[in-house]
Amino acid sequence: MASFTMPSLGADMDEGTLLEWLVHPGDTVHKGDIVAVVDTAKAAIEVETFLDGVVAELLVEPGTVVPVGGPLATIEPDGATPAPAAAPEPTPEAAPEPAPEPAPAPAAAEPPREGQAPHVHSPLVRRLAHERGVDLTTVRGSGRDGTITREDVLRAAGTVETAHEEPAPTVLRTAAVRATPYARKLAADLGIDLEALRHSNGEPVTAAEVRAASPGEQPAPATTARTEPAAAPTPSEAVAAPPRQDRMRAAIATLMARSKREIPHYYLSTTVDLARATEWLHERNRTLSITERLVPAALLLKATALAATEVPEVNGYWVDDGFQAASQVHLGVAVSLRGGGLVTPAILDAASLELDELMATMKDLVTRARGGRLRGRELTEGTLTVTNLGEQGVESVVGVIYPPQVALVGFGRIAERPWAVDGLLGVRPIVTMTLSGDHRATDAMTGGRFLTAVDHHLQHPEEL
Amino acid sequence: MTNSTLTDAEARTLVAEAIQRIVPDADLDAVGDDVPLRAEFELDSLDFLSFVETLSQRSGVGITENDYEHLVTMRTCVGFLTGG
């Protein structure tokens, strides 16, 4: 029996909240299938399984905060005898063999450990108690043999006035329309009124129904529009989770501080004449409908990806005191979010994509990044990151490397400047390109070779 | 260059709606007619492309890359869309 655990969706993630299961016990899953939605500081992320098999049991309920590495479900690998399917919503008593204790969360997030005396059979109940700040030694169990049940914990939580910062578990959100947490979040992001989708029989509204109710193309949602849990039924629940923006700020702070602490950065900069590239682009776009047009960023990304295949020393990870080159270029793209913060999802295997495919992927990625619906792989597999879309007007951007990556490419604004060509002064579209390199992995000589390669590709746009 | 039949008021509404598809809480009334929209609402090139797409689709006016220079402020956008 294999465990499906809370994945690490980036070096800055300690824990995640399970938002929604997309599979049920008994479902057959294959490597790469999306099985759950997990909420992190940065976004709601669709999480894939890396196993082939049959879902045996779901160990945690939506709304549960689980540390990275903590078990979420068990999967019977292909070829093994399938276990009897458990009920889709595991009750505390149904939790079978005690699941291994999840990796300890950061000390600050954990209330003092309870004594071993009380009978608690279910890890779910323990976790619930942690979340709600309930000391299990003070709870009297109402279950068999005095076992503490979830209801006992909830009852105790109702009487404990505690300034707790975890989100209120979804099970208690009874005031509003019934909906799955992911559906609720989607509805907020897409500006859909859940009331309009309410089922008369009390069935929860699902994410699919919300999507169906969304008008054709979604507007890029305001990332600040995250709904907090509906009105809390008891005073003890009045404390909501910190807003996403604060959590994202904290996540960025952690990761960037780690980068500056651990990575000896070196910086290079070069100026690239984009006259040929922009002329070529303009000519190509002239005959295309608006939806098919390319933006200059697509050329910059493709040129970067191709150069990374030629100078593989900048494409990969620094782990265990050594450099591991990546076999493909998964190009991370820094996407700034309205309302603050940024995410850096990756365009997978960017070097092998045709320009129009890369453009479509980039559009899709930016839309989903801002709508909070990225896939796990997109956040974990970036091998080299580009920050550009420095279209915010700055002339150049010198970035901070995303550990464990070893380089970061920055493009400033494309602007017309006086430029000498063949002894004559002309006005050309110019961009400043920078490289932040990890000096442990490469020297400036290698970094320089890489920038030269990007420049070379941008001078031959027809080959991109 | 255009044969649109939009009135000034219709064009103004369309521009506001096209911006609000990207920045839902954008308050166009609070922004002067001569303020550059891309900078004001921090539209990146993908945002701008989708802005252009919405304008073109809803107005029926074809918009080439050469026309982008007319799509800077509310005033220039309305002027372009109404053929003025």
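All figures in this text were calculated on a predicted structure; none of them were measured in a lab. (Residues numbered from 1 in each chain as written. Chains lettered and ligands numbered in written order. Predicted model: local features only at pLDDT ≥ 70, side-chain atom pairs only at ≥ 80, totals over all residues. Heavy atoms only, no water.)

1. Quick notes on the pattern of salt bridges
Next up, step 1: As enumerated under the stated definition, the model contains 16 salt bridges over all chains in all.
Next up, step 2: A salt bridge links Arg368 of chain A to Asp364 of chain A, with the nearest nitrogen and oxygen atoms 3.1 Å apart. Placement of both Arg368 of chain A and Asp364 of chain A in helix 8 (residues 355-371) is noted, with a separation of four residues, approximately one turn of the helix.
Next up, step 3: Relative accessible area serves as the criterion here: at 36%, Asp364 of chain A is assigned to the partly exposed category.
Next up, step 4: In this structure, Asp33 of chain B and Arg12 of chain B form a salt bridge, with 2.9 Å as the shortest nitrogen-oxygen distance. Placement of Asp33 of chain B in the loop between helix 1 (8-22) and helix 2 (37-40) and of Arg12 of chain B in helix 1 is noted, with a sequence separation of 21 residues between them.
Next up, step 5: A relative accessible area of 22% means that Asp33 of chain B is categorised as partly exposed.
Next up, step 6: Overlapping salt bridges bring together Asp364, Arg368 and Glu378 of chain A as one network. (Salt bridge = Lys/Arg side-chain N within 4 Å of Asp/Glu carboxyl O. Helix = DSSP H or I, 4+ residues; strand = E, 2+ residues; numbered from the N terminus. Buried < 20%, exposed > 50% of the residue type's maximum accessible area, 1.4 Å probe, protein only.)

2. Comments concerning the packing of aromatic side chains
Next up, step 1: All told, the structure shown has three aromatic pairs over all chains when counted by the stated rule.
Next up, step 2: Aromatic pair Phe4 of chain A and Trp21 of chain A: ring centres 6.3 Å apart, planes at 55 degrees, arrangement tilted. Linking Phe4 of chain A in strand 1 (residues 2-5) with Trp21 of chain A in strand 2 (residues 15-21), this pair joins segments that are 17 residues apart in sequence.
Next up, step 3: The class for Trp21 of chain A is buried, based on a relative accessible area of 12%.
Next up, step 4: A ring pair is formed by Phe48 of chain B and Phe51 of chain B, whose centres lie 5.9 Å apart and whose planes are at 40 degrees; its orientation type is tilted. Taken together, the residues Phe48 of chain B and Phe51 of chain B, both in helix 3 (residues 45-59) and three residues apart, mark about one turn of the helix. Taken as a pair, Phe48 of chain B and Phe51 of chain B share a single burial class, namely buried. (Phe/Tyr/Trp six-rings, centres within 6.5 Å; stacked < 30°, edge-to-face > 60°.)

3. Some details on the interface of chain B and chain A
Next up, step 1: Each side of the interface is counted separately: chain B has 21 residues, and chain A has 21 residues.
Next up, step 2: Overall, the association of chain B and chain A removes approximately 1800 Å² of surface from exposure, summing both partners, and the carbon and sulfur fraction of that is 50%.
Next up, step 3: Three residues stand out in chain B for area buried against chain A, namely Arg21, Leu46 and Glu65 of chain B, and they jointly supply 32% of the buried area on that side.
Next up, step 4: Salt-bridge contacts for Asp47 of chain B lead to Arg370 of chain A; the nearest nitrogen and oxygen are separated by 3.2 Å.
Next up, step 5: Inspection of the region where chain B meets chain A yields seven residue pairs in polar contact (both at pLDDT 80 or more).
Next up, step 6: When residues of the side of chain B that touches chain A are assigned to their parent elements, the largest contribution, seven residues, is made by helix 3 of chain B.
Next up, step 7: The residue makeup of the side of chain B that touches chain A, split by class, is ten nonpolar, four polar and seven charged. (Contact = heavy atoms within 4.5 Å. Buried area = accessible area lost by both parts, 1.4 Å probe. Polar contact = N/O pair within 3.5 Å; in protein donor to acceptor, adjacent residues only side chain to side chain. Nonpolar A, V, L, I, M, F, W, Y, C, P; charged D, E, K, R; others polar.)

4. Examining the side chain of Thr344 of chain A
Next up, step 1: Along the chain, Thr344 of chain A turns up in the loop between strand 14 (342-343) and strand 15 (346-347).
Next up, step 2: Not counting chain neighbours up to four residues away, the residues in contact with Thr344 of chain A comprise Gly332, Val333, Ala334, Glu378, Leu379, Thr385 and Tyr402 of chain A.

5. Details of the side chain of Thr73 of chain B
Residues and elements named next belong to chain B.
Next up, step 1: The residue Thr73 is located in the loop between helix 3 and helix 4 (74-81) in this model.
Next up, step 2: A polar contact is formed between the side chain of Thr73 and the backbone oxygen of Asp33, at a distance of 3.3 Å.
Next up, step 3: Beyond its immediate stretch of four places on either side in the chain, Thr73 contacts Asp33, Asp34, Val35, Pro36 and Leu37.

6. Focus: a negative patch on the surface
All names here are of chain A.
Next up, step 1: Taken together, the side chains of Glu292, Glu354, Asp356 and Glu357 present a region of like negative charge at the surface.
Next up, step 2: With respect to the secondary-structure elements, Glu357 resides in helix 8.
Next up, step 3: On the basis of relative accessibility, which here comes to 39%, the residue Glu357 falls in the partly exposed class. (Patch = residues over 30% accessible without salt bridge, like charges linked within 9 Å, V, L, I, M, F, W, Y side chains within 5 Å. Areas by Shrake-Rupley, 256 points an atom, 1.4 Å probe, with all protein chains shown as cover. Lys, Arg positive; Asp, Glu negative; His and termini not counted. Charge placed at Lys NZ, Arg CZ, Asp CG, Glu CD.)

7. Some details on the sheet that holds strand 3 (residues 28-29) of chain A
Whenever strands of a sheet pair, they do so through backbone hydrogen bonds, lying parallel or antiparallel.
Residues and elements named next belong to chain A.
Next up, step 1: Sheet architecture is open: four strands sit in the order 1-8-6-3, paired in antiparallel fashion. The open sheet is flanked by strand 1 and strand 3, the only strands paired with a single partner.
Next up, step 2: Summarising the sheet, strand 3 and strand 6 (residues 53-58) pair through two bridges and their orientation is antiparallel. Its bridge partner being in strand 6, Val29 is matched across the sheet by Gly53. (Pairing = 2+ DSSP bridges.)

8. Points about the sheet that holds strand 5 (residues 44-48) of chain A
Residue and element names in this part refer to chain A.
Next up, step 1: With mixed pairing, the five strands of this open sheet are ordered in space as 7-2-4-5-16. Edge strands, defined here as strands with exactly one partner in the open sheet, are strand 7 (65-67) and strand 16 (374-375).
Next up, step 2: Across three bridges, the pairing between strand 2 and strand 7 is antiparallel. Bridge pairing links Thr17 to Val65 in strand 7.

9. Some remarks on helix 4 of chain B
Residues and elements named next belong to chain B.
Next up, step 1: Among the residues of helix 4, Met74, Cys77, Val78, Phe80 and Leu81 are the ones counted as buried. Along the axis of helix 4, the buried positions cluster into a sector of 160 degrees, meaning they face one direction only.
Next up, step 2: Taken together, the buried residues of helix 4 touch helix 1, helix 2 and helix 3.
Next up, step 3: Directly beyond the C-terminal end of helix 4, a positive phi value near 75 degrees is found at Gly83. (Arc of directions from axis to C-beta.)

10. Considering the nonpolar core
Next up, step 1: Core analysis: the biggest nonpolar cluster contains 112 residues, and Trp21, Met362 and Phe450 of chain A together with Phe41, Phe51 and Leu55 of chain B have the highest contact counts within it.
Next up, step 2: Per-domain counts for this core show at least three residues from each of domain 1 (2-159) and domain 3 (263-463) of chain A.
Next up, step 3: Look past the residues within four positions of Phe41 of chain B in its chain and what remains in contact with it is Arg338 of chain A together with Ile19, Val23, Ala26, Asp27, Leu28 and Val31 of chain B.
Next up, step 4: Ala129, Ile148, Val153 and Ala156 of chain A belong to the second largest nonpolar core, which has eight residues in total. (Core = buried A, V, L, I, M, F, W, Y, C linked by side-chain atoms within 4.5 Å. Domains from an automatic or database assignment.)

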